[in-house]
Amino acid sequence: FAGSEPASDSVSAKAEDRRRLTEVLRLPSEYFVDSTVVSQARLSGGVRVRHHVLTVGRWNVPVTEFWMKGSGQPVLIASDGGRAGLTSAVQSALGAGKRVFAADLFASGEQIIAGGAYHYLFMECVAAAGDRPLGIRTAQMLALLRWIRSRCNVDKVDVVAQGLSMGVSALC
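Each chain carries its own residue numbering, running from 1 in the written order of its sequence. Given that the model is predicted, a residue must reach a pLDDT of at least 70 before its local features are reported, and side-chain atom pairs must reach 80 or more before they are shown or counted; all residues, however, enter totals for whole chains, interfaces and linings. Excluding hydrogens and water, the side-chain figures rest on all heavy atoms present in the structure.

**Quick look at the overall build of the protein**
(1) Moving on: Only DSSP runs of H or I reaching four residues or more are called helices, and only runs of E reaching two or more are called strands; each is numbered from the N terminus. A count of helical and extended segments in the protein gives 5 helices and 6 strands.
(2) Moving on: Reading the protein from its N terminus to its C terminus gives the helix and strand order α-β-β-β-β-α-β-α-α-β-α.
(3) Moving on: Counting only residues that meet the buried cut, the protein has 36% of its 172 residues in that class.
(4) Moving on: We call two residues contacting when some pair of their heavy atoms lies within 4.5 Å. Considering only residue pairs separated by 6 or more positions, the protein has 63% of its internal contacts joining residues 24 or more positions apart.
(5) Moving on: Of the roughly 9,900 Å² of accessible surface on the protein, 54% is carried by carbon and sulfur atoms. Note on classification: 1.4 Å probe, protein chains only; a residue is buried when its accessible area is under 20% of the maximum for its type, exposed when over 50%, partly exposed between these limits. What sets the accessible areas is the Shrake-Rupley method with a 1.4 Å probe; for residues, cover comes only from the shown protein chains.

**Remarks on the packing of helix H4 (residues 133-152) against helix H5 (residues 164-171)**
(1) Moving on: A fitted line through C-alpha atoms represents every axis, and for helices the fit uses only the stretch in contact; the resulting angles, taken between N-to-C directions, go from 0 to 180 degrees. Closest axis-to-axis distance for the H4/H5 pair is 9 Å, and the angle between their directions is 60°. In this structure, the crossing between H4 and H5 has a hand that is right-handed. Contacts from Leu-134, Arg-137, Thr-138 and Met-141 in H4 reach Ser-165, Met-166, Val-168, Ser-169 and Ala-170 in H5.
(2) Moving on: Under the scheme applied here, ten amino acids are nonpolar (Ala, Val, Leu, Ile, Met, Phe, Trp, Tyr, Cys and Pro), four are charged (Asp, Glu, Lys and Arg), and all others, including Gly, are polar. A breakdown of the residues in the contact of H4 with H5 according to their chemical character gives 5 nonpolar, 3 polar and 1 charged. Two helices crossing with the near one rotated counterclockwise from the far one by less than a right angle form a left-handed crossing, whereas a clockwise rotation gives a right-handed crossing.

Structure follows, in structure tokens:
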């Protein structure tokens, strides 16, 4: 095809783009994930539900796992508004036969400070301390995806990201 690059150049360009993105976002090489089961699985309307808290680096990430008998491919669902607003997305994924992991990543859902209120200076304080808020959230998502792949013994996890900020994190 006219204008297409050789495969080796394309691979090296992608690797360089990933390196630059990692640098801009100040991503750690890899977050260690420690999982704590907060509640044992309970059955509700044919759906099993289990709550986890993952320690991802120095941050905690609450995750709710949903599955039905015969659930297959896992999907991570995250939203700018948090897990509380994900009912229809979770139901849709369960209806499609998926095993669902709904997470509140950095600065979403339960991860908002001041009793659930968003404080506009919080992200500036995080940045002033040397972190990138988008980098924290992206690193959490990458670590969570590794954890889900390991937990479900799969190579691939689908991602559903709702909202502008969460969508950008998923693209990173």
